[in-house]
Amino acid sequence: MSKKLNALQKTVSKPVVLLLSLMLVATFIFIPTLVTADESTMPAEIIDEEAAPDPGAVGAEDAEIEAVADDETEEVVAADEAEEAAAEESAQPLIGESASPAKADMPINTLAEEVGTQVTSGFVSLTRNSTQVVFAGKTWWVVGTNFGGPVQGINPTPATASTSTNRATLLLHKDTPYGVSPFRYGQKGAFENSTIEGGWSYANNPGENPGWATINEYKGSTLQVTMAAIADAIANSSGKESGRIITRNSLKEDDNLGPVYGSDSRTAYMMGPDVTDQKFWPLSFQEWSNINNDAVRSFTGDYYSFWLRSTFHYNNGCGIVAYSNGSQFWDNAYIDYDSTGIRPAFILDLDTAIFTSPTSGAISPDEVALQTPVDIASWSAAADPKKITFSDPSLTLSLSPVGTQGVGEDMSLTIGSGSGNVTLSYIKATLGKRISCLLVNKSSSGKSYYENLATDISSSSDTVTLETTGMDAGDYTLQLFTEEVNGADKSNFCSAPAAFESDDADLTTIAGIKIATWSGEGTSGTSPKTASITVAPTKESISLAEIVPAHANAVAMLYTDSGFTTTTGSIDLAAGSASNHVYIAVTAEAGNVLYYKVTVDRPIPGGGDDDNIYPVIKHFGAWTGDGTIDAKIDAPAAKFLALYRGEAQVDPADYKVAEGSTIITLTEDYVKVFPEGTHSFVAAYTDGYSEDIILKVDLTDASTGTDYIDDDTNVGDPSKSGSSDTSDDFGIGLFSGTFILAAAGLIACATARRRLGKHA
């Protein structure tokens, strides 16, 4: 029995072992093929992970406005930071700056586009408790700064509606007062809109009776009303300057925890409710203390003191005044004392500040001689007060198009070692102003210049001459702008730096159809350019949104009449082309206009109901990533009009038509931009149109594509084709079959052994 058992075991185990070995080899062959993916099938985030740019690898940042502290320690820190910044700047070239040495023999008038460089002047420098500036006819101390960094001195948080980052707090200078006022007007006898308090009558808050709980509350006081009147007067006389004032959203921000003085623990704060939305306001006691500079706090002139908005809590009938010497205060001043000075403070928005400059003299923008370059470094050395030039969107200036220079591109100017001039053509200049420029040297060690090029502009389009005599040779960024100068005690304003504007007023597509050629010059509405296009039979109208100018900044208008007088949002299309005329005017960014008359053919052959519907013999089928692909329609090629994808006509350059019924071949360049999925086309003929022609884009399909042949079961439906891509299915199926056979062999072997064991 044992010999028979051994013989039978050998008879069963030999083929099983052989079968298992073959299946094991097959498994090792097919498993790597199935689990290994090439880059074309990997998710984009995996493929691009190493190639993705470093978000920190950006160009040099815009120059920041520098804030300098007033005490010696802060000055040393600021000097160290400036030295480090200069070292970094000298070690790393600016955006667009060449690393090569300066060229002394560069041509004098090389003007070129500089793509992607944002021009910023970097010529704004205000020092807390040191710089004086003019604004709205007065002189002001800079007592607080926040130039994108830590707050220095007085710099309250601006109103929540403000987006300002760079700002300064200004305090009225000692020699330019706004007059005197009581804190709250009062007198012995009664008067209109007053309330008696302690035997005296005091003014009510405006519109209230009395509106105050204690007479030294700031809200509604005579002092608060006077501050609001000052802000209104500036808005009425100099609205542009008023627009640079940041409204303060709370006057209690610095007062709630005021300082404590003396043995009686007197705490100073603003009495009464908070006051919001204030443009001008008096200092609080805390703010006066924070200035900590007697020269700035002093207030000489006709008044020996000025009001603070704070009081000490123990005395509800008095206020606090700061003495003119800058070092003393009186905490028990009668609030009706009417010989106390008004000294406002306010927050100035510096986000639109372009540069600071002297208020007078030969190097001041207001007085500099025409076409005389001024070294901007001399501005910093000039005595205070200074004035600020802000950008103003109401002032305009652009440059006429030159060659291929594009919209919004800033300019580079190369100045050689010899003398010479540069002529610039401008457009859209604001009349009555003047044209000036900044020449910003790209080298950190080079000089930068200001120059007045023209005054009292009488034409919005003309030329100006840039005088370069005496300037250092080198590479510069040119900022050309319209400038408004306003005298020695007010701010100046300028337009945004001029850039080249496009004069391209051409059209590229209408309703997704490319315009191949135009006929005529189209210089006016009476002689428009003409063209003809054919749209899909289902296209019932053309809207303004479907008219695409050649340049992004050009503006198209759609008209219903040949006189270009009545605009419309869309034009309905009738069957045929006899009455379908679309009138279009395109205005280029530079201001020139071109006119167009487009005849639109909407083919509905035979009136619609009698149209022939031609069957598709072969669909485009599956396109898997390369090569052309064709379809065949059972219709005469001689009657073919156009191919449509949806309602959009396909550009004839994107396909070819050949005889043999009608064979339509799509180009590879056209198909490769399609997303994956199924796309439908229709071919139009003189007497009908085709059924839907199907294209399936499947970039993961490794097969060479499958033709879809219409029969009764798969007309227009690629998913019902008699054949399909089976490359991946074959691999998976073979592996699955191998695995199943292996499992079956193992089961058979085990079963045979169990059965033999039972018979033993």
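Here, residues in each chain are numbered from 1, in the same order as that chain's written sequence. Local features are withheld for residues below a pLDDT of 70 in this predicted model, meaning they are given only at 70 or higher, and side-chain atom pairs are given and counted only at 80 or more; totals for whole chains, interfaces and linings count all residues. Calculation of side-chain values draws on the structure's entire complement of heavy atoms; hydrogens and water are dropped beforehand.

K.L.:
Is there a simple way to explain the nonpolar core in this structure?
P.N.:
Burial of nonpolar side chains together is a common tendency in soluble globular proteins. Throughout this description, the term nonpolar core refers to a set of buried Ala, Val, Leu, Ile, Met, Phe, Trp, Tyr and Cys residues connected via side-chain atoms within 4.5 Å. When a residue's accessible area, from a 1.4 Å probe over protein chains only, is under 20% of the maximum for its type it is buried; when over 50% it is exposed; and in between it is partly exposed. Membership of the largest hydrophobic core comes to 59 residues, with the highest contact counts inside it found for Leu-126, Phe-280, Leu-283 and Leu-350. Among residues more than four places away in sequence, those in contact with Leu-283 are Ile-154, Leu-171, Trp-288, Ile-291, Leu-308, Arg-309 and Ala-345. With 25 residues, the next largest nonpolar core counts Trp-518, Ala-531, Ala-554 and Ile-584 among its residues. Whether two residues touch is decided by their heavy atoms; if any such pair falls within 4.5 Å, the residues are in contact.

K.L.:
I tried to follow the sheet that holds strand β25 (residues 421–427) on my own but got confused; where do I start?
P.N.:
Strand pairs in the sheet, formed through backbone hydrogen bonds, run parallel or antiparallel to each other. Reading across the sheet, the three strands line up as β23-β25-β28 and stay open at both edges, with antiparallel pairing between neighbours. The open sheet has two edge strands, β23 (398–399) and β28 (462–467), and neither has a second partner. Strand pairing follows a simple DSSP-based rule, namely that at least 2 bridges must link the two strands. Helix numbers and strand numbers start at the N terminus; a helix is a DSSP run of H or I with at least 4 residues, a strand a run of E with at least 2. Two strands pair when backbone bridges link them, and β25 and β28 are joined in this way by six bridges, in the antiparallel orientation. Each residue of the ladder has a partner; that of Leu-424, found in β28, is Val-464.

K.L.:
Whenever I open this one, the sheet that holds strand β47 (residues 662–666) confuses me. Can you help?
P.N.:
Pairing in this open sheet of four strands is antiparallel, and the strands run β41-β43-β47-β46 from one edge to the other. Of all strands in the sheet, those bounded by a partner on one side alone are β41 (616–618) and β46 (655–659). For this sheet, the mean angle separating the axes of adjacent strands, direction not counted, is 30°. Inspection of the sheet shows β41 paired to strand β43 (residues 629–633) by two bridges, in the antiparallel sense. Looking across to β43, one finds that Lys-618 is bridged to Lys-632. Axis angles are defined between N-to-C directions and span 0 to 180 degrees, where every axis is a line fitted to C-alpha atoms and, for a helix, only to the segment in contact.

K.L.:
I tried to follow the packing of aromatic side chains on my own but got confused; where do I start?
P.N.:
Two numbers describe a pair of aromatic rings. These are the distance of the centres and the angle of the planes. Classification of ring pairs rests on two measures: the distance between centres of Phe, Tyr or Trp rings, Trp counted by its six-membered ring, which must be within 6.5 Å, and the angle between planes, read as stacked under 30 degrees, edge-to-face over 60 and tilted in between. Under the criterion given, the structure shown has 27 aromatic pairs. Relative to Tyr-476, the ring of Tyr-449 has its centre 6.2 Å away and its plane inclined at 50°; by these criteria the two rings are tilted. Placement of Tyr-449 in strand β27 (residues 449–454) and of Tyr-476 in strand β29 (residues 474–484) is noted, with a sequence separation of 27 residues between them. The exposure classification of Tyr-449 matches that of Tyr-476, with both residues buried. Their ring planes at 75° and their centres at 5.0 Å tell us that Tyr-670 and Phe-674 sit as a pair that is edge-to-face. A relative accessible area of 6% means that Phe-674 is categorised as buried. The rings of Phe-135, Trp-140, Tyr-178, Phe-280 and Phe-346 are connected pair by pair, giving a single aromatic cluster. When the ring centre of Trp-281 is taken as reference, the NZ or CZ atom of Arg-248 above it lies at 4.5 Å. Note on criteria: charge over ring means Lys NZ or Arg CZ within 6 Å of the ring centre, with the direction from the centre no more than 35 degrees off the ring normal.

K.L.:
What's the story with helix α4 (residues 222–237) in this structure? I'm lost.
P.N.:
Counting along an α-helix, one turn takes 3.6 residues, and residues three or four places apart therefore face a common direction. Expected helix span is given by 1.5 Å per residue-to-residue step, counting one fewer step than there are residues. The first and last C-alpha atoms of α4 sit 22 Å apart over 16 residues, in line with the 22 Å expected at 1.5 Å per residue. For α4, every residue scored as buried is listed here: Leu-223, Gln-224, Met-227, Ile-230, Ala-231 and Ile-234. All buried residues of α4 lie within an arc of 115° about the axis, which places them on one face of the element. Along α4, the residues that are exposed and aim more than 90 degrees away from the buried face are Asn-236 and Ser-237. Arc definition: it is the arc formed by the directions from the helix axis to the C-beta atoms.

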